[in-house]
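The residues making up each chain are set out below.
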Amino acid sequence: EKFTFAGRLEQLGGPGGPVQMAGPWRDVTGAIGAQSRYGLEPLPHPAFDLAAATAPPDGTYPGRMNLGGGPLHAKKQQMVDRMVLRFDEAEASSADGASAASTTNGASSGGPPPIVGRGEGSNRVGRYTLHATCTRADRGAWDVRLTRAYVPLAP
């Protein structure tokens, strides 16, 4: 099973504040399966400034998924989710990374090349791998697109 996420990675309260990523997870038909919110843990440095960063921060992003796209307070429909993401600025600027990123986004915008990342995670459904593409957004934030593929468990 594959799921996609399109969300925003931003820093709350300016430099030194918590880094948060939020958005919906969609299935292959485009239907929203869950709303999610993740926080970077631990912060890279007390004075870390996402607006000045040349790539999104690597790290563990624990969070919660609200199944069915319901409200955040519906605890019985929440699922704990933990992702580890690593971003590679060098890969995005290479010829192979730039062409792969252009294919993923549908077209090249003429701006700086997207940052490419990889990762893995787990939740109560199972373990999964992640592929990430990030582009700089306004006000120092990053637009993040993730593709999640669950790793089949042995029968």
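Whatever comes next refers back to the structure up there.
These notes cover the structure that comes with them. (Residues numbered from 1 in each chain as written. Predicted model: local features only at pLDDT ≥ 70, side-chain atom pairs only at ≥ 80, totals over all residues. Heavy atoms only, no water.)

1. Topic: the sheet that holds strand β5 (residues 78–88)
Then, number 1: Around the barrel, which closes on itself, the eight strands sit in the order β1-β2-β3-β4-β5-β6-β7-β8 with antiparallel pairing between neighbours. Going across the sheet, the axis of each strand differs from the next one's by a mean of 25 degrees, ignoring polarity.
Then, number 2: Bridge count between strand β4 (residues 59–67) and β5: eight bridges; the pairing is antiparallel. Looking at β5, one finds that Y61 is bridged to M83. (Pairing = 2+ DSSP bridges. Helix = DSSP H or I, 4+ residues; strand = E, 2+ residues; numbered from the N terminus. Axes fitted to C-alpha atoms, helices over the stretch in contact; angles between N-to-C directions.)

2. Focus on the pairing of strand β1 (residues 2–11)
Then, number 1: Judged by which residues are buried, β1 turns out to be one-sided: F3, F5, G7, L9 and Q11 face inward and are buried, whereas K2, T4, A6, R8 and E10, on the alternate face, are not.
Then, number 2: Alignment of β1 against strand β8 (residues 142–150), held across eight bridges, turns out to be antiparallel. For G7, the partnering residue across the bridge sits in β8 and is V144.
Then, number 3: As paired elements, β1 and strand β2 (residues 19–26) share six bridges and run antiparallel to each other. Residue pairing across strands places R8 opposite A22, the latter belonging to β2. (Buried < 20%, exposed > 50% of the residue type's maximum accessible area, 1.4 Å probe, protein only.)

3. Observations concerning the nonpolar core
Then, number 1: Counting 28 residues, the largest nonpolar core has M21, W25, Y61, M83 and L146 as the members making the most contacts within it.
Then, number 2: Of all the secondary-structure elements, those providing two or more residues to this core are β1, β2, β3 (32–39), β4, β5, β7 (127–136) and β8.
Then, number 3: Setting aside its immediate chain neighbours within four residues, M21 contacts F5, R8, L9, S36, R37, Y38, Y61, M83, L85, V144 and L146. (Core = buried A, V, L, I, M, F, W, Y, C linked by side-chain atoms within 4.5 Å. Contact = heavy atoms within 4.5 Å.)

4. Quick notes on unusual backbone geometry
Then, number 1: A cis amide bond links E41 to the next residue, P42, at an omega of -20 degrees.
Then, number 2: Position of P42 among the secondary structure elements: in the loop between β3 and β4.
Then, number 3: Backbone geometry places R139, a non-glycine residue, at a positive phi of 55 degrees.
Then, number 4: Tracing the sequence through the fold places R139 in the loop between β7 and β8.
Then, number 5: The class for R139 is exposed, based on a relative accessible area of 75%.

5. Things to note about the pattern of salt bridges
Then, number 1: Scanning all chains against the criterion turns up six salt bridges.
Then, number 2: Here R82 and E41 are joined by a salt bridge, their closest N and O atoms 3.9 Å apart. Linking R82 in strand β5 with E41 in the loop between β3 and β4, this pair joins segments that are 41 residues apart in sequence.
Then, number 3: What you see here is one network of salt bridges that share partners, running through R8, D138, R139 and D143. (Salt bridge = Lys/Arg side-chain N within 4 Å of Asp/Glu carboxyl O.)

6. Brief notes about the pairing of β7
The two faces of the sheet receive side chains in turn, since in a regular strand these alternate between them.
Then, number 1: By the bridge criterion, eight bridges tie strand β6 (residues 115–123) to β7 in an arrangement that is antiparallel. Of the residues in β7, the one forming a bridge with E120 is T129.
Then, number 2: Pairing analysis gives nine bridges linking β7 to β8, with the strands arranged antiparallel. What sits directly across from Y128, in β8, is Y150.

That's the geometry; what it means functionally is another story.
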